[in-house]
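Examining the three-dimensional arrangement
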Amino acid sequence: MTDISQELMFELMKRIQSDLTTLKDGQRDMRQDIVSLRNHMHVMQGDVNNLHSSMAQVLTRLDRIENRLELRELAEAQARFEPHP
């Protein structure tokens, strides 16, 4: 009877050890996936920052264009109302 229970305990221990190895492998894979996702997030954040910078440049250029148009419209309006000799 003790031989059977020792063999049973040994088999159970082997099975538990195998399950733990499987869990550790899965955990390692998940950790690698998380690191990969983190790297992708950093790249995406860089892209978003670049888009913000580009948008700021476009808005600055648009402001300058609008100012020029307003100055031209003002000059044209003044030219219409100035008396011609």
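Everything below is about the structure shown above.
Reference entry: report on the structure contained in this document.

Rules and cut-offs
- Residues numbered from 1 in each chain as written.
- Predicted model: local features only at pLDDT ≥ 70, side-chain atom pairs only at ≥ 80, totals over all residues.
- Heavy atoms only, no water.
- Helix = DSSP H or I, 4+ residues; strand = E, 2+ residues; numbered from the N terminus.
- Areas by Shrake-Rupley, 256 points an atom, 1.4 Å probe, with all protein chains shown as cover.
- Lys, Arg positive; Asp, Glu negative; His and termini not counted.
- Charge placed at Lys NZ, Arg CZ, Asp CG, Glu CD.
- Patch = residues over 30% accessible without salt bridge, like charges linked within 9 Å, V, L, I, M, F, W, Y side chains within 5 Å.
- Salt bridge = Lys/Arg side-chain N within 4 Å of Asp/Glu carboxyl O.
- Buried < 20%, exposed > 50% of the residue type's maximum accessible area, 1.4 Å probe, protein only.

From N to C terminus, the protein includes one helix and zero strands. Principal axes of the C-alpha set define a box for the protein whose edges measure 125 × 15 × 5 Å. For the protein, the accessible area works out to roughly 8600 Å², and carbon and sulfur atoms hold 60% of it. Each charge sign in the protein was given a centre, from 11 positive and 14 negative side chains, and these centres are 4 Å apart.

Before going further, it helps to spend a moment on a nonpolar patch on the surface. Residues L8, M9, L12 and M13 make up a contiguous nonpolar surface patch of roughly 410 Å² in combined accessible area. Position of M9 relative to the elements: it lies in helix α1 (residues 2-81). According to the relative accessible area criterion, M9 is partly exposed, its value standing at 49%.

Turning our eyes to something else, we now look at the environment of H52. Position of H52 among the secondary structure elements: in helix α1. Given a relative accessible area of 55%, H52 falls into the exposed group. For the pair H52 and Q78, spaced 26 residues apart in the sequence, the C-alpha separation amounts to 39 Å.

With that settled, the discussion passes to the pattern of salt bridges. This structure, assessed with the given rule, holds two salt bridges. K14 is the salt-bridge partner of E11, the closest N and O atoms lying 3.6 Å from each other. Of this pair, E11 and K14 are both found in helix α1, three residues apart, which corresponds to roughly one turn of the helix. Judged by relative accessible area, K14 falls into the partly exposed class, the value being 41%. Between D25 and R28 there is a salt bridge, with the nearest N and O atoms lying 3.0 Å from each other.

That is the geometry; function is a separate question.
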